[in-house]
Amino acid sequence: MDTMKQALGLTGNDRMEVMIDIKDRFLGGTLDLETARTLLKEKIGTCTPDEFAYGEQQLKGSYTDEEITHRMDDLLELFDGILIRANNEYPEHHPLTVYLNEINAMEQQLTEMEALLQAPHFILNPWLGVYDALTTWRIHLARKQNQLYPVLERYGFDRPTKIMWTFDDAVRDAISESKQLLESGKESEFLAKQADVIDIIRDLNNKEKEVLIPTAWKLLQDSDFITMSQGDHEIGFAFIAPPPFYKGRPDAEPKNLGETSLNAVQVTTQYKSAGYDGNSQLGGTGNPTALLQELAQLVGKYAINGSPEQTHDLAVGSLTIEQIKLIFKFLPVDITFVDENDLVRFYNDTKHRIFPRSSNIIGRIVQNCHPKKSLPLVQEIIDSFKAGRQDYAEMWINKPDLFIHIEYIAVRNEEGQFKGILEMVQDCTHIRSLSGSRKELIWEGSNSAYHAVDHIDYKHVRQEDSTTNSTEQGTVPESTPQSTVYENDLGLTGDTKLFPLFDIIPGLKDHMIHINPNFKMLNSPLAKLMKHKATLSMVAERGEMTLDALIQAILAFKYKNQ
């Protein structure tokens, strides 16, 4: 907790202890609302968002996360007139700026919903359009859960993963339930629910704007946000066009964390979470020099810095490091590995990824990667595997036009010792649709389970070890040179929807990745979220190319394949 306190500049701030004491007595029922608020005004005057967040974190030992979740509105009411709004100005393209831009775009949707509720008659299509848009809000929530929350945890602020995630789930569920009512024709039930949906979304957005985002701005390093921007683009954005990558502020200085550097904070947090204390010996010795010697021996043993052509013996066969990485990359299955200390150690960066992932989950306690309502099931799997009671568990998600299969496998060494858990997720929709037999080879493009990966332009595929996206490095030209200007007989414009073109121009969906490798998301399950909204203007912006270049590339493919 000292790390969070130091990073926020609250060390030696006696006001915090007074504030926490008053909050504690209010929650415990020994102070009523008015008395507690009067004491806060007398003793501390006003409270900044980061001070409020620190006070919330400090209550962790006294109250469960569930209790704080249920009382959060009471706490905000207690601080009404005391909690001051932050007037931070965030840099252009900064991840926090992006969050706020999405929240503003969501507010426009909520305003449209309020107007529809005031309309004299219910009309289905406008509501369908609104909920097609609202469905994409899960991308905003996924970025918070996979990007922002893990970084906050490294500084000792782990409340968001347990409390804010609960609010996130409530919003996601409210949107999903309303959409089901709308699509099933339950008009009266749907309309009766909309005021609550608007309130719950707006309430969460206010919590983000007033507490979460200002606290993240003060707590995190600029380098954290640079890294975060990379992962944000992997997951995607809600309502807005993908912004350019955030490259940092020239005037940014590391925040004062006392004698503890950020890297030390991250390592210490991970090892303490894994059950080590400050006196634990790594590698059998507490001597840093000896530890470095051990690392040097490991590097030599496994030739980490050796020739790229050097192979490494496996259980069966041998492979180079590059071959191992490529195999994981092109497996049509999502794989995540959690070690024996419950730390997420690896996931494969496959273009078939079904659930959002970003590098910020690496080294994170797996329990903090799940919403609270899923924790009992997650913990049951972990405990059963560790105790040796079970070795395998499976579950599946069965929705119209989508079947996702999930497997959990206990990983044990030759002596039977538990070494971790392997999670495998696969989109089996295509497999389940197969019938009869096929013994001949037929190329079917988008109808196959694996989408023409042998034709990817590898020069433009993001490199595993690069910290910058290839589009930033200039390896993807803004447009593909065309020797011919093709007649726009389809009347394509920026407002033309992309997905209907896939029915008009056979093979276009598979070809999009050749137009621009940034379009690989079109062949992932997340593309379903874009289906009703993606216009050519939006797609061109996503690919960082001009609209004319995109239209000409589509027309070129059409004419060449007629």
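Give a description of the side chain of E407 that names residues and reports values.
Here E407 shows up in strand β6 (residues 402-412). Nearest to the buried, unbridged E407 among oppositely charged side chains is R432, at 13 Å. A distance of 2.7 Å separates the side chain of E407 from the side chain of Y392, its partner in a polar contact. Not counting chain neighbours up to four residues away, the residues in contact with E407 comprise Y392, A393, E394, L422, E423 and M424.

Break down the environment of K207 for me, citing the residues and quoting the values.
Looking at where K207 falls in the secondary structure, it is placed in helix α10 (residues 187-219). Relative accessible area serves as the criterion here: at 6%, K207 is assigned to the buried category. Once the C-alpha coordinates of K207 and L76 are considered, the two residues, 131 residues apart in sequence, prove to be 9.3 Å apart. Ignoring any residue separated from it by four or fewer positions in sequence, one finds K207 in contact with M72, D73, L76, M164, F167 and L212. In this structure the side chain of K207 is engaged in a polar contact, spanning 2.5 Å, whose partner is the side chain of D203.

Which residues make up the nonpolar core, and what are the values?
Membership of the largest hydrophobic core comes to 66 residues, with the highest contact counts inside it found for F79, M113, Y131 and L220. Among the elements that line this core, the one with the most residues is α10, at 11 residues. In this structure Y131 touches M113, I175, S178, K179, L182, F190, Q194 and V197, once residues within four positions along its chain are discounted. In terms of nonpolar packing, the next biggest core, distinct from the first, is built from 25 residues, L492, F519, L536 and A556 among them.

Describe the pairing of strand β3 (residues 334-339), naming the residues involved and giving the relevant values.
Where burial is concerned, most of β3 is hidden: 5 out of the 6 residues are buried. Taken together, the 6 bridges between β3 and strand β7 (residues 418-427) define a ladder with antiparallel strand orientation. By the bridge assignment for β7, T336 is matched with E423. Pairing geometry for β3 and strand β4 (residues 344-347), over 3 bridges, is antiparallel. When the bridges of β4 are listed, T336 appears paired with Y347. Adjacent in sequence and paired antiparallel, β3 and β4 are bridged by 4 residues, among which D342 carries a positive phi angle near 70 degrees.

Cut-offs applied
- Residues numbered from 1 in each chain as written.
- Predicted model: local features only at pLDDT ≥ 70, side-chain atom pairs only at ≥ 80, totals over all residues.
- Heavy atoms only, no water.
- Helix = DSSP H or I, 4+ residues; strand = E, 2+ residues; numbered from the N terminus.
- Buried < 20%, exposed > 50% of the residue type's maximum accessible area, 1.4 Å probe, protein only.
- Lys, Arg positive; Asp, Glu negative; His and termini not counted.
- Salt bridge = Lys/Arg side-chain N within 4 Å of Asp/Glu carboxyl O.
- Polar contact = N/O pair within 3.5 Å; in protein donor to acceptor, adjacent residues only side chain to side chain.
- Contact = heavy atoms within 4.5 Å.
- Core = buried A, V, L, I, M, F, W, Y, C linked by side-chain atoms within 4.5 Å.
- Pairing = 2+ DSSP bridges.

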